[in-house]
Amino acid sequence: MRVSNLLIMGALSALVFTGCTNNDDNSEWLDSNSVTFNSRIDGLQTKASKDVWSNGDEVGIFMTTQTAEFANKKYVASDGGTLTAAPGQTLRYPEEGTANFIAYYPYSASLNGKTLAVSVDNQADPAKVDLLYSDNAKAIAAGEAVDLAFKHKLSQIVIAVGSDETLPDISGLKISLSGMNTQADFNLADGTLAAKESKADIEMNVSADGTTAEAIILPTTTLDGVKMTFVLDGKTFEWPVSVNGGAGFEAGYKYTYTATLSTENGKPAVTMGGASIESWTDQPGGDINVDFGEGGGEQPEGVVFIETFGTPEKNGNQWPLVKDYTGFDNPKEMFEDATGKLSVRTTGTDKKTNVWFSTNVEHSLKIKNIDMKGATTATLEYEVGANVYDPGASQDLATLKVRCNGVDLAVPSKVVSKENNEANLPFKLVIENVAVSDKTTLEFYCTSTDNTCGLRLFSVKLSSGEGGGTVEPEPEPEPTPGNNLLINPGFEEWGEKLPIKWDNNYNIGEIVKEATIKHSGDYSLRQTSSSKTSKIQQEAEVLGGKKYRLSYWFLDNDAKASSRYWFALVDANGKTVNDLNAEIQQEEYSVDNPDWQQVKIEITMPENVVKVRFEIRAYRNMTTNEAGGYIYYDDMELIQLD
């Protein structure tokens, strides 16, 4: 059956079937009680169907009356959409009352009760795979014609294939889909489809000249792991369908792609277009640039090389060194650390992986033998941040210099600072028109004199061809219920003097990374009391009107020290909001206790509050004035509760 601009008058209704009765006396005469069916197929088709039903297309129909049910009668379509009963299959109206109908295509004589087995494995004739269903015809009286409106219950992919001058002949092209289920059960009672675990390759129906391809597939809510594979003259190109948003394929939708084939444009590239909704319903899927040059691979958006440095794990208290690390996205042999002191670690609440360029060392990280065969220019994008945690600290990210094949590149300038709360945040730097060769080497390096705060390289991406762009900072995430809004809340990450993201303005008491006495993790913070008040603090964004929990653990078992919390709320103008001071600023001091103690406060932020200053203070013995005692802190928490 081929369906493409079908207008068929009518509708069907869902039925519940409890039994089956034969109302056909095995004669073929038609009387006033015989049911006449007209039909239409909603939606636009391609060559999987045509403008009218094909003569001989077989449809299954169920009829339910007030007193009986008649199951799975075979009706045969004509070109005009009229459905005629097969021999011995005629449905007739009851003497009294009305009838409800459902129908489906293609007809199957081997239903399992009310379940139709669906398979999309064989695409030789897509029309035979195209599952149609009608459930709109309800309460039809005797003598009335039944107008059935069929809807598509599967999804369709159509590819318009073209090529450039490097491939004048694309006949013999093969395209397949992998990573998708191919078997399902369709419930005729309610029109629902349930896919079964049955992943298999689907060979698309490609025209003889290679210019069009199509397939009818099962709807899916995710495209994770789904690929299209193009094969021509022994060369293969794989494209991950998930680069088209990854949202899945919806029942009744046709997804149309354009694919341009070439063989001399360097590495494979994929460019996705936009998507608007029309009718099958049509859903343009975008553009695919298929390059059959040497190398192959699934490289979205012209990307030839991507490195995000994997997911490192500590060995005891130590992060792995680059020279020992095996968790790269690319082969370990491609990475060379000249000094042997670069490490791979995670930082921040989102645990973003990075290569750490510490201060006071001449660092150099080389990424060698990047395969750029066929390309002469490329665009380099990389994310870099600086460890600007001290008051007044700032660093130009251009301090991390870049060479390509031994030639220094013009690195964009971007100054980050503590004042702007930009410590260890990734910023994207883009360098266009980078000259590359078949085997390209990138080098990221810095000097000990320029790198004053410490630098982090978060990712590297190299794309063939021209590009461009400017420095783009990654935005801070919006507060989300359940997430700890404090960065480095357990004091696991440290700079030279302080835990990352925490500061101690006007503090004169010593702060130490404590590895022995801790509540959880590898470290806690130890603060020494002094002759004046000392503190440790961090500011975090919050939403006015929302409820939050502020909590932390502390250990005070030293007569020469005590502690209390002194949180503050801040408005958009940087002014403190004092509405809740009685609840968030502690009046009494802590008393000695051999056990860790937890402070926990829940408050609803005033509407004009945009930040919380999470501040804990340490004091000398307030009776004897003795100083030099220790307070330990760990597991700070600021969580939105609603």
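This text goes with the structure placed above it.
Remember, predicted model here, so these are calculated numbers, not experimental data. One numbering rule holds for all chains: residues counted from 1, following each sequence as written. Confidence filtering applies because this is a predicted model: local features only for residues at pLDDT of at least 70, side-chain atom pairs given and counted only at 80 or more, and all residues used for totals across whole chains, interfaces and linings. Working from all heavy atoms in the structure, the side-chain values ignore hydrogens and water.

Undergrad: Is there a simple way to explain the overall build of the chain in this structure?
TA: Runs of E in the DSSP output that reach at least two residues are strands. Runs of H or I that reach at least four are helices, and both are numbered from the N terminus. When you go through the chain residue by residue, the secondary structure sums to one helix and 42 strands. Residues counted as buried form 52% of the 642 residues belonging to the chain. Contact criterion: two residues are considered in contact whenever any of their non-hydrogen atoms come within 4.5 Å of each other. When contacts within the chain are restricted to residue pairs at least 6 apart in sequence, long-range pairs at least 24 apart make up 76% of them. By element, 46% of the accessible surface of the chain is carried by carbon and sulfur atoms, the whole surface being about 27700 Å². Three labels apply to residues, based on accessible area from a 1.4 Å probe with only protein chains included: buried if under 20% of the type maximum, exposed if over 50%, partly exposed otherwise in between. Each accessible area is a Shrake-Rupley result for a 1.4 Å probe, and residues are judged covered by the shown protein chains and nothing else.

Undergrad: Where do I start with the pattern of salt bridges in this structure?
TA: Close approach of charged atoms allows side chains of opposite charge to pair. A pairing counts as a salt bridge when a side-chain nitrogen of Lys or Arg comes within 4 Å of a carboxyl oxygen of Asp or Glu. Per the stated rule, a full pass over the model turns up 20 salt bridges. Note that Lys547 is salt-bridged to Glu602, the shortest N-O span being 3.6 Å. Residue Lys547 is located in strand β36 (residues 547–555), and its partner Glu602 is located in strand β40 (residues 597–604); the two are separated by 55 residues in the primary sequence. For Lys547, a relative accessible area of 31% puts it in the partly exposed group. For Glu602, a relative accessible area of 41% gives the class partly exposed.

Undergrad: Could you clarify how one ought to interpret the sheet that holds strand β42 (residues 630–640) in this entry?
TA: Hydrogen bonds between backbone groups are what pair the strands of a sheet, and the pairing can be parallel or antiparallel. Strand order in the open sheet formed by five strands is β33-β34-β42-β36-β40, with antiparallel pairing between adjacent strands. Two strands in the sheet have a free side with no partner beyond their single neighbour: β33 (511–514) and β40. Each neighbouring strand pair of the sheet contributes to a mean axis angle of 30 degrees, computed without reference to strand direction. For two strands to be treated as a pair, DSSP must find at least two bridges joining them. Angles run from 0 to 180 degrees between N-to-C directions of axes, and those axes are lines fitted to C-alpha atoms, restricted for helices to the stretch in contact.

Undergrad: Sorry, what's going on with unusual backbone geometry here?
TA: It is generally the case that most residues other than glycine have a negative phi and that most peptide bonds are trans. Residue Pro106 follows Tyr105 across a cis peptide bond; omega there is -5 degrees. You can see Pro106 is positioned in the loop between β5 (98–105) and β6 (115–119). At Asn360, a residue that is not glycine, the phi angle is positive and equals roughly 65 degrees. Mapped onto the secondary structure, Asn360 falls in the loop between β22 (352–357) and β23 (363–371). Backbone geometry places Asp635, a non-glycine residue, at a positive phi of 55 degrees. With respect to the element layout, Asp635 can be found in strand β42.

Undergrad: Could you clarify how one ought to interpret the packing of aromatic side chains in this entry?
TA: Pairs of aromatic rings are described using the distance from one ring centre to the other and the angle between the two planes. Within 6.5 Å between ring centres, the rings of Phe, Tyr and Trp (the latter by its six-membered ring) count as paired, and their orientation is classed by plane angle as stacked under 30 degrees, edge-to-face over 60, tilted in between. Applying the stated rule across the entire model yields 18 aromatic pairs. An angle of 20 degrees between the planes, with centres 6.5 Å apart, marks the rings of Tyr104 and Tyr107 as stacked. The buried category is assigned to Tyr104, whose relative accessible area is 0%. Centre to centre, the rings of Tyr552 and Phe614 are 6.4 Å apart; their planes meet at 80 degrees, and the pair counts as edge-to-face. Here the residue Tyr552 occupies a position in strand β36, and Phe614 occupies one in strand β41 (residues 609–619), the gap between them amounting to 62 residues. Whether a charge sits over a ring comes down to the Lys NZ or Arg CZ being within 6 Å of the ring centre and within 35 degrees of the ring normal. The ring of Tyr523 has Lys513 lying over it, and the distance from NZ or CZ to the ring centre is 4.6 Å. The side chain of Arg526 reaches across the aromatic face of Tyr630, ending 3.8 Å from its centre.

Undergrad: For this particular structure, what's the right way to read the pairing of strand β11 (residues 174–187)?
TA: Each regular strand carries side chains that alternate between the two faces of the sheet. Where β6 lies against β11, five bridges are found, and the strand directions are antiparallel. Counted as the bridge partner of Ala117 is Asp185 from β11. Looking at chain direction, β11 and strand β15 (residues 227–232) are connected through five bridges and run antiparallel. Of the residues in β15, the one forming a bridge with Lys174 is Val231. Hairpin connection of β11 to strand β12 (residues 192–203): four residues between the antiparallel strands, including Gly191 at a positive phi of 75 degrees.

Undergrad: Just checking my understanding: could you explain the sheet that holds strand β27 (residues 407–408) for this structure?
TA: Taken in spatial order, the five strands line up as β20-β23-β30-β26-β27 in an open sheet, and their pairing is antiparallel. Every interior strand has two partners, whereas the edge strands, β20 (335–337) and β27, have only one.

Undergrad: What exactly am I supposed to notice about the environment of Ser78 here?
TA: Take Ser78: it is sitting in the loop between β3 (69–77) and β4 (82–85). It is 10.0 Å that separates the C-alpha atoms of Ser78 and Asn38, two residues lying 40 residues apart in sequence. With residues near it in sequence (within four places) discarded, Ser78 still touches Trp53 and Asn55.

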